[in-house]
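Notes for the structure review
Residue-level listing of the chains:
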Amino acid sequence: MPSATAELRAAARHLNRRRFLTVSGAAAALALGTNLPSTAHAAPTLDPARIAEDPFTLGVASGDPRPDSVVLWTRLAPRPYEPAGGMPARPVAVRWEMSHDERFRRPAARGHVVAHPEFHHAVHVDVPGLEPGRVYHYRFRVGRWTSPAGRTRTAPAAGSSPAALRFGLLSCQAYHDGYYTALGHLAHEDLDAVFHLGDYLYEYAVSAVGGHRNHTDRLLPDLFDRETVTLEDYRLRYSLYKSDADLAAAHAAHPWIVTWDDHETENNYANGVPENGVPPEEFLIRRAAAYRAYYENMPLRRPQRPQGPDLRLYRRLHYGNLAQFDVLDTRQYRDNQANGDGWKVPTPESEDPSRTMLGAGQERWLIDGWRQSRALWNVVPQQVVFSRRRNRVEGPWPLSMDAWDGYPGSRERVLAGADAAGVENLVVLTGDVHVHYGFDIKRDFDDPDSRTAGVEIVTTSVTSGRDGAERPANWQTLMTANPHLKYYNGRRGYVVLGLDREKLRADYRTVPAVTTPGAPIATAASFVSPAGEPGLSPA
Ligand code: FE
Ligand code: CA
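Residues numbered from 1 in each chain as written. Chains lettered and ligands numbered in written order. Predicted model: local features only at pLDDT ≥ 70, side-chain atom pairs only at ≥ 80, totals over all residues. Heavy atoms only, no water.

1. Describing the overall build of the protein
Secondary structure summary: the protein contains nine helices and 24 strands in total. A globule of 539 residues ought to have a C-alpha radius of gyration of about 24 Å, and the protein, at 23 Å, matches this closely. By its C-alpha atoms, the protein is 70 × 60 × 45 Å across when sized along the principal axes. A burial count over the protein gives 58% of its 539 residues as buried. Partitioning the intrachain contacts of the protein with sequence separation of at least 6 by distance along the chain shows that 70% fall at a separation of at least 24. Accessible area for the protein stands at about 20700 Å²; split by element, carbon and sulfur atoms hold 51% of it. Counting 62 positive and 64 negative side-chain charges, the protein places the averaged centre of each group 5 Å from the other. (Helix = DSSP H or I, 4+ residues; strand = E, 2+ residues; numbered from the N terminus. Rg over C-alpha atoms; globule rule 2.2 N^0.38 Å. Buried < 20%, exposed > 50% of the residue type's maximum accessible area, 1.4 Å probe, protein only. Contact = heavy atoms within 4.5 Å. Areas by Shrake-Rupley, 256 points an atom, 1.4 Å probe, with all protein chains shown as cover. Lys, Arg positive; Asp, Glu negative; His and termini not counted. Charge placed at Lys NZ, Arg CZ, Asp CG, Glu CD.)

If you want it as structure tokens, here you go:
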């Protein structure tokens, strides 16, 4: 690296750190304190008639379907690009309603919820008493304003045997890398739910023209043109993302089940260890801000409410006896990346069997959950590539220290736990790498003849990495170096995952470009894996 660049980078880091320190007092109070709405000292409730501009600029969302309930979400922000969103610092009552039909003539449930300034006027409603496996429509009202309508779907009844399920898989949607064309197409798919596997937003600065979106006709304010560090930075970044019409349409069309990766906080952080040399006690203040803004902006239940720098995101969802989903968090509890991170030839440090990707508590929870599972498909939505990935045909082979390849002891315990629990149809769902992959998960990646223990479906980015290419420069190398890699495509898009009693099916959808709007969607390839006999082959 030329020294001028290195110096500039160091200066940028220094500036960032200084800005961090100047705001950290206030940020710490807000982010690390409980700062929950207090009924004793609350400001008087705002008269909703005084909301003079449409507060529903960020759309609506639903998530984490259960057979009898679903979470509804919105956030009031008449002026989304202003720090307070254009709302006074007072609580306001919001009405919500659910209906069996899209014209809201057959009501199913309704109620009130208070939008608190402490949560940036976000609203989370955990609606109980719903019927299983049903479509519902929902909307919010405050004063004279009515939100756009959303559509959601409850999970099938416990113990039922749904014939087939379909899910959308998403990851990595850097606003500044392109248009959410793929999300606009996803809104038109027939799906039970959508899994977002991380990098919902990126912490990097967004220029006035929206980076590679280059929307010169509509300039963004300066406050997006800096890396997110404070609670206000993260909140505003969610406002920017959620004001995108395609993202709002994808949320309004399907319930989402979300988990995060690194960029919702900071690139490649591990537990309390940041990317650069910031001390952990300072980084945890930033993490608290990032986690709080994440909760405020996602359709999550109360157990996912943050407590300072901690947020319990790993959780389990059931779709009858067809599928159990164990949603993982591979960031919050992991050991620091070995060998200084990056692609490195394994060493005793990275091979240390005691290293953990999940933390002891989450690992136990995962394996215990498998022991009790009655589902045909045991699906693990998570973040980083699980399967062995070599980027050279001949050794020595560097491996990604940020992915499961950098935590082989942890991976072995997970696979041994699946064996011990009698898991026959293990499916790992992954994001992070900005390409579509399909892997057979080998029981021993050092032995190509070992049993195939499951399959891994990796979904490409929505935008991150810009347009991409169907066959990236290393396509032949990766396909040759990894015989268990069955599919690789470097375009942007998403996956539609189908599960039934006989097979898993992955439809890899792609768009030809994201730096220009309006690209068509196409199915680049479809793969199947039979139930009881894991292994991907072209459909
Ligand atoms: Fe990413
Ligand atoms: Ca990532």
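On we go.
2. Digging into the coordination of the calcium ion (ligand 2)
Donor atoms from the polypeptide that coordinate the calcium ion (ligand 2) comprise Asp 199 (OD), Asp 261 (OD), Asp 262 (OD) and Asp 432 (OD), at 2.3 to 2.6 Å from the metal. Considered as a linear motif, the donors of the calcium ion (ligand 2) on their single chain read D-x61-D-D-x169-D. A spacing of 3.9 Å is found between the calcium ion (ligand 2) and the iron ion (ligand 1), which share Asp 199 as a donor. Placement of the pair is Asp 262 in the loop between β11 (256-258) and α5 (280-297) and Asp 432 in the loop between β17 (426-430) and β18 (436-442), with a sequence separation of 170 residues. The exposure class assigned to Asp 262 is buried, which follows from its relative accessible area of 1%. (Donors = N, O, S within 2.8 Å, 3.2 Å for Na, K, Ca; no water.)

3. Observations regarding the layout of surface pockets
Of the voids in this model, the second largest pocket is the one considered here, and its volume is about 490 Å³. In terms of lining residues, the second largest pocket is bounded by 26 residues, among which Arg 66, Arg 316, Leu 317, His 318 and Gln 324 are the most central. Among the elements of the structure, β12 (315-319), β13 (323-327) and α7 (360-372) are those that each provide at least two residues to the lining of the second largest pocket. If you tally residues by element for the lining of the second largest pocket, the top one is β12, at four residues. Its residues assigned to classes, the lining of the second largest pocket comprises 10 nonpolar, nine polar and seven charged. (1 Å grid on protein atoms, 1.4 Å probe; cavity = no way out; pocket = protein on both sides within 12 Å on 5 of 7 lines; lining within 4 Å. Points joined across faces, edges and corners; volume = space filled by probe spheres on them. Nonpolar A, V, L, I, M, F, W, Y, C, P; charged D, E, K, R; others polar.)

4. Here we look at the coordination of the iron ion (ligand 1)
Listed as protein donors to the iron ion (ligand 1) are Cys 172 (SG), Asp 199 (OD), Tyr 202 (OH) and His 434 (NE2); their distances from the metal cover 2.0 to 2.5 Å. Between the four donor atoms coordinating the iron ion (ligand 1), the angles at the centre fall across 84 to 166°, so the site counts as irregular. Mapped onto the sequence, the donors of the iron ion (ligand 1) take the spacing C-x26-D-x2-Y-x231-H. When its relative accessible area of 0% is taken as the criterion, Cys 172 is described as buried. (Tetrahedral: all angles 85-135°; square planar, octahedral: opposite > 155°, others 65-115°.)

5. Focus: empty space enclosed by the protein
Tallied over the full model, the rule gives four cavities of 30 Å³ or more. Of the voids in this model, the largest cavity is the one considered here, and its volume is about 50 Å³. What lines the largest cavity is Leu 328, Leu 358, Leu 366, Trp 370, Val 380, Gln 382, Phe 386, Trp 404, Val 414, Leu 426 and Val 428. Sorting the residues of the lining of the largest cavity by element identifies α7 and β17 as the ones contributing at least two each. Considering only residue class, the lining of the largest cavity consists of 10 nonpolar, one polar and no charged.

6. Brief notes about helix α3 (residues 231-242)
The end-to-end C-alpha distance of α3 is 17 Å, a good match for the 16 Å that 12 residues give at a rise of 1.5 Å each. Most of α3 sits out of view: 11 of its 12 residues are buried. Looking only at α3, the buried set comprises Leu 231, Asp 233, Tyr 234, Arg 235, Leu 236, Arg 237, Tyr 238, Ser 239, Leu 240, Tyr 241 and Lys 242. (Expected span 1.5 Å × (residues − 1).)

7. Some words on the packing of aromatic side chains
The tally for this structure, following the rule as stated, stands at 25 aromatic pairs. Ring geometry for Tyr 437 versus Tyr 488: centroids 5.1 Å apart, planes at 45°, classification tilted. On the criterion of sequence distance, the pair formed by Tyr 437 in strand β18 and Tyr 488 in strand β21 (residues 485-500) is long-range, its members being 51 residues apart. A residue is classified by how much of its surface remains accessible, and Tyr 488, at 6% relative accessible area, is buried. Relative to Tyr 508, the ring of Tyr 487 lies with its centre 4.6 Å away and its plane at 45°, an arrangement referred to as tilted. Pair noted here: Tyr 487 is in strand β21 and Tyr 508 is in strand β22 (residues 503-511), with a separation of 21 residues, a long-range link. For Tyr 487, a relative accessible area of 11% corresponds to the buried category. Counting every residue linked through ring pairs, the aromatic cluster contains Phe 167, Phe 195, Tyr 319 and Phe 325. Against the face of Trp 73 rests Lys 242, its NZ or CZ located 4.1 Å from the ring centre. (Phe/Tyr/Trp six-rings, centres within 6.5 Å; stacked < 30°, edge-to-face > 60°. Lys NZ or Arg CZ within 6 Å of the ring centre and 35° of its normal.)

8. Some remarks on the domain arrangement of the protein
Domain annotation of the protein identifies domain 1 (48-153) and domain 2 (164-538). The gap between the C-alpha centroids of domain 1 and domain 2 is 28 Å. Every contact between the two is made by 31 residues of domain 1 and, on the other side, 36 residues of domain 2. Of the roughly 2800 Å² buried where domain 1 meets domain 2, counting both sides, 52% is carbon and sulfur surface. Three residues, Asp 64, Tyr 81 and Phe 119, lead the burial of domain 1 against domain 2; their summed loss comes to 27% of the area buried on that side. In this structure, the connection of domain 1 to domain 2 is made through four salt bridges. A salt bridge links Arg 153 to Asp 192; its shortest N-O distance comes to 3.9 Å. Put simply, domain 1 and domain 2 have 17 residue pairs in polar contact (both at pLDDT 80 or more) between them. If you list the elements that add at least two residues to the side of domain 1 that touches domain 2, you get β1 (60-63), β2 (70-75), β5 (122-127) and β8 (150-153). Partitioning the side of domain 1 that touches domain 2 into residue classes produces 15 nonpolar, eight polar and eight charged. (Domains from an automatic or database assignment. Buried area = accessible area lost by both parts, 1.4 Å probe. Salt bridge = Lys/Arg side-chain N within 4 Å of Asp/Glu carboxyl O. Polar contact = N/O pair within 3.5 Å; in protein donor to acceptor, adjacent residues only side chain to side chain.)

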